[in-house]
Amino acid sequence: MEKPVIISIRGVQSLEPGEEDVMELVTQGVLRQEEGEGFSLSYLESELTGLEGTTTTFRVAPDRITLRREGTLNSEMIFQEGQKHVSLYETPYGGLMLGVNTHRAKADLGTAGGRLSIRYALEVDSQPIGENSFEIQVTEPHLTAPAPGQ
């Protein structure tokens, strides 16, 4: 199963206590039911996110959520509650070792959409740099009928 969906993302980044940077995005994407692996959710990044030319994919498995970005920026972040995962974050300017300490990784996705909720602490080269969260809502596109006479 593969179908178009509307993805609403609210991301919050807290670098300093009391300082929050909020990013909200609504975009079109694709929801796929993976054979024996749960679901995947993909969308193209835009100029608005600063990641134009990158495809972002969330893979939802029973015990983890994996965020993979491929294109102008390449990275993989694994969100597994109570676990720390370290990976290489490649940018056009070089690579960084990124540590992800996941506090929450919840997914309730089905063929009609659903939601993802992720909260985690981020480290770069073993140095804490802040707390982050994503709240993602996935819905089916709604077609509106033209008004009478149109």
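Cut-off values and rules
- Residues numbered from 1 in each chain as written.
- Predicted model: local features only at pLDDT ≥ 70, side-chain atom pairs only at ≥ 80, totals over all residues.
- Heavy atoms only, no water.
- Helix = DSSP H or I, 4+ residues; strand = E, 2+ residues; numbered from the N terminus.
- Buried < 20%, exposed > 50% of the residue type's maximum accessible area, 1.4 Å probe, protein only.
- Contact = heavy atoms within 4.5 Å.
- Patch = residues over 30% accessible without salt bridge, like charges linked within 9 Å, V, L, I, M, F, W, Y side chains within 5 Å.
- Areas by Shrake-Rupley, 256 points an atom, 1.4 Å probe, with all protein chains shown as cover.
- Salt bridge = Lys/Arg side-chain N within 4 Å of Asp/Glu carboxyl O.
- Phe/Tyr/Trp six-rings, centres within 6.5 Å; stacked < 30°, edge-to-face > 60°.

**Student:** Break down the environment of V60 for me, with residues and values.
**Tutor:** Inspection of the secondary structure assignment puts V60 in strand β4 (residues 54–61). Overall, V60 belongs to the buried group, its relative accessible area being 9%. In this structure the C-alpha to C-alpha distance between V60 and E34, which are 26 residues apart in sequence, comes to 9.1 Å. Here V60 is in contact with E37, G38, F39, A107, L109 and L116, once residues within four sequence places are set aside.

**Student:** Let's hear about the side chain of S42: which residues, and what values?
**Tutor:** Position of S42 relative to the elements: it lies in strand β3 (residues 38–44). In this structure, S42 is in contact with I7, G29, V30, R32, T56 and T57, ignoring residues within four places of it in sequence.

**Student:** Go over unusual backbone geometry with me, naming the residues and quoting the values.
**Tutor:** Peptide bonds are mostly trans, and most non-glycine residues show a negative phi. Positive phi, normally seen in glycine, also occurs at D125, with a value near 50 degrees. Tracing the sequence through the fold places D125 in the loop between β9 (113–124) and β10 (127–139). For D125, a relative accessible area of 47% corresponds to the partly exposed category. Located in the positive-phi region is S126, a residue other than glycine, with phi close to 70 degrees. With respect to the helices, strands and loops of the structure, S126 is situated in the loop between β9 and β10.

**Student:** How would you explain a nonpolar patch on the surface if you had to name every residue and give the values?
**Tutor:** On the surface, V86, L88 and M97 cluster together to form a nonpolar patch covering roughly 260 Å² of accessible area. Positionally, V86 belongs in strand β7 (residues 84–91). A relative accessible area of 52% means that V86 is categorised as exposed.

**Student:** Give me the lowdown on the packing of aromatic side chains, citing residues and values where you can.
**Tutor:** On inspection of all chains with the given rule, the structure shows three aromatic pairs. Taking 6.2 Å as the distance between ring centres and 35 degrees as the angle between the ring planes, the aromatic pair formed by Y120 and F134 counts as tilted. Note that Y120 is positioned in strand β9 and F134 in strand β10, a separation of 14 residues in sequence. Relative accessible area serves as the criterion here: at 11%, F134 is assigned to the buried category. Aromatic rings pair up to connect F58, F79, Y120 and F134 into one cluster.

**Student:** Give me the pattern of salt bridges: which residues, what numbers.
**Tutor:** Applying the stated criterion across every chain yields a total of 10 salt bridges. When the shortest N-O distance is used, the salt bridge between R59 and E34 registers 3.5 Å. Here the residue R59 occupies a position in strand β4, and E34 occupies one in strand β2 (residues 19–34), the gap between them amounting to 25 residues. Looking at R59, the relative accessible area reads 41%, which means it is partly exposed. A salt bridge links K84 to E123, with the shortest nitrogen-to-oxygen separation between them at 2.8 Å. Taken as a pair, K84 in strand β7 and E123 in strand β9 lie far apart in primary sequence, 39 residues in all. Judged by relative accessible area, K84 falls into the partly exposed class, the value being 43%. The buried category is assigned to E123, whose relative accessible area is 14%.

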